[in-house]
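Survey of secondary and tertiary structure
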Amino acid sequence: AKTPKPTPAKTPKPTEEKATVAAEKPTPKPAVTEKPKPKPAAVTKPAVATEKPKPAVTQKPKPAVAEKPKPKVRPLPPGVTMEEVKNPNDIMSYKSFDALEDEIKAIERKLRILKRSGQANKTLEQRKQQAELIKDAAILAVQEEKMSFADYLDLLRLTIVHDEKLAEEVVARRGEEGRKDHAKLVKRIEIMKSELKGAEEQGEPE
C-alpha cells in the first residue's frame, strides 16, 4: 500500500488582497479650507454735481396801461326828464297860445290830406282835440284872472328856456333818430320867442 504523500502545508500568502483593498480605499484628503473670496470693493459713484439754483428771474414790471376813462353819463338839466327827451313834442308840453294854434292848423292840414285818400288817423284827431282843450283852458284862466298877462309872459320865458335845454338833449341823446322831433321842437321855440317879443312890444291888451 501506497503511503499518502504528505501534503505540504500551505503557507498563507501575504495578504495582498487586504493590501490592495487597503490601497483602493481613498486616503482621506486633508480638509481644504476655502479662502474667503475678497468682496469687490464697493464702487462709489461719483457724486453728481447738484444743479446750481437758477437765479430767480425777476419779471420786469409791465408798464401801467392807462385805462380808458369811461364815458361820463350826461346828466339831465334841471327840469328836463327822459320822457320829454323821448317825446319832446307831447301836446301837454305846449304852453303857448300861438304854438297851440300852429299845431292845430298843422294837424287839420294832415287830416284833410288823409280824408281825400279815404283814410283816417285817430291819433291825429285825438291830438287835435287835446290841443284845443289846452288852448281853451289857458284862455279861460286869463279871462277869469286866474293867470295875469304878466304871469303868462313869465310862463313863456320859462318854457323857452326849458325847451332850449330839451332841444340840446334830444340832439345829444338821440342823434339822427331824433332829428324830426328836434326840428319840430325848434320851430315851437321860435314861435314862442316871436309871441313873447310881440307881447312885450304891444303891452297888455285892454
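The sections below set out a description of the structure shown in this document. Keep in mind it's a predicted model, so treat the numbers as computed, not measured.

1. Observations concerning the overall build of the chain
Scanning the chain for helices and strands turns up 6 helices and 0 strands. Of the regular secondary structure in the chain, the N- to C-terminal order runs α-α-α-α-α-α. Taking all 206 residues of the chain together, 23% fall into the buried category. Accessible area of the chain: about 18,100 Å², with a carbon and sulfur share of 58%.

2. Notes on the nonpolar core
One finds L153, L156, L166 and I189 to be the most contacted residues of the largest nonpolar core, which totals 16 residues. For this core, the secondary-structure elements that each account for two or more residues are α5 (149–174) and α6 (179–202). In this view, L153 contacts L196 and A199; residues no more than four positions away in its chain are not counted. I91, A99, I104 and I191 belong to the second largest nonpolar core, which has 8 residues in total.

3. Re the packing of helix α3 (residues 97–116) against α6
Two elements in contact, α3 and α6, have axes separated by 8 Å at closest approach and are oriented at 135 degrees. Between α3 and α6, the angle falls in the class oblique. Of the two elements, α3 crosses α6, and the hand of that crossing is right-handed. Between α3, through F97, D98, A99, D102 and E103, and α6, the contact on the second element is made entirely by K184, K187, R188, I191 and E195. Residues of the contact of α3 with α6, tallied by class, amount to 3 nonpolar, no polar and 7 charged.

4. Observations concerning α5
Helix length check: α5 (26 residues) gives 36 Å between terminal C-alpha atoms against 38 Å at 1.5 Å per residue, within 8%. Looking one or two residues beyond α5, the residue adopting positive phi is G175, at roughly 60 degrees.

5. A few points about the packing of α5 against α6
Packing of α5 against α6 leaves a shortest axis separation of 9 Å and a crossing angle of 155 degrees. Here α5 is positioned roughly antiparallel relative to α6, judged by the angle of their axes. Seen from above, α5 lies across α6 with left-handed handedness. Among the residues forming the contact of α5 with α6, the class breakdown is 14 nonpolar, 2 polar and 9 charged.

Rules used throughout
Residues numbered from 1 in each chain as written. Predicted model: local features only at pLDDT ≥ 70, side-chain atom pairs only at ≥ 80, totals over all residues. Heavy atoms only, no water. Helix = DSSP H or I, 4+ residues; strand = E, 2+ residues; numbered from the N terminus. Buried < 20%, exposed > 50% of the residue type's maximum accessible area, 1.4 Å probe, protein only. Areas by Shrake-Rupley, 256 points an atom, 1.4 Å probe, with all protein chains shown as cover. Core = buried A, V, L, I, M, F, W, Y, C linked by side-chain atoms within 4.5 Å. Contact = heavy atoms within 4.5 Å. Axes fitted to C-alpha atoms, helices over the stretch in contact; angles between N-to-C directions. Parallel < 35°, antiparallel > 145°, perpendicular 65-115°, else oblique. Left-handed = near helix turned anticlockwise from the far one by under 90°. Nonpolar A, V, L, I, M, F, W, Y, C, P; charged D, E, K, R; others polar. Expected span 1.5 Å × (residues − 1).

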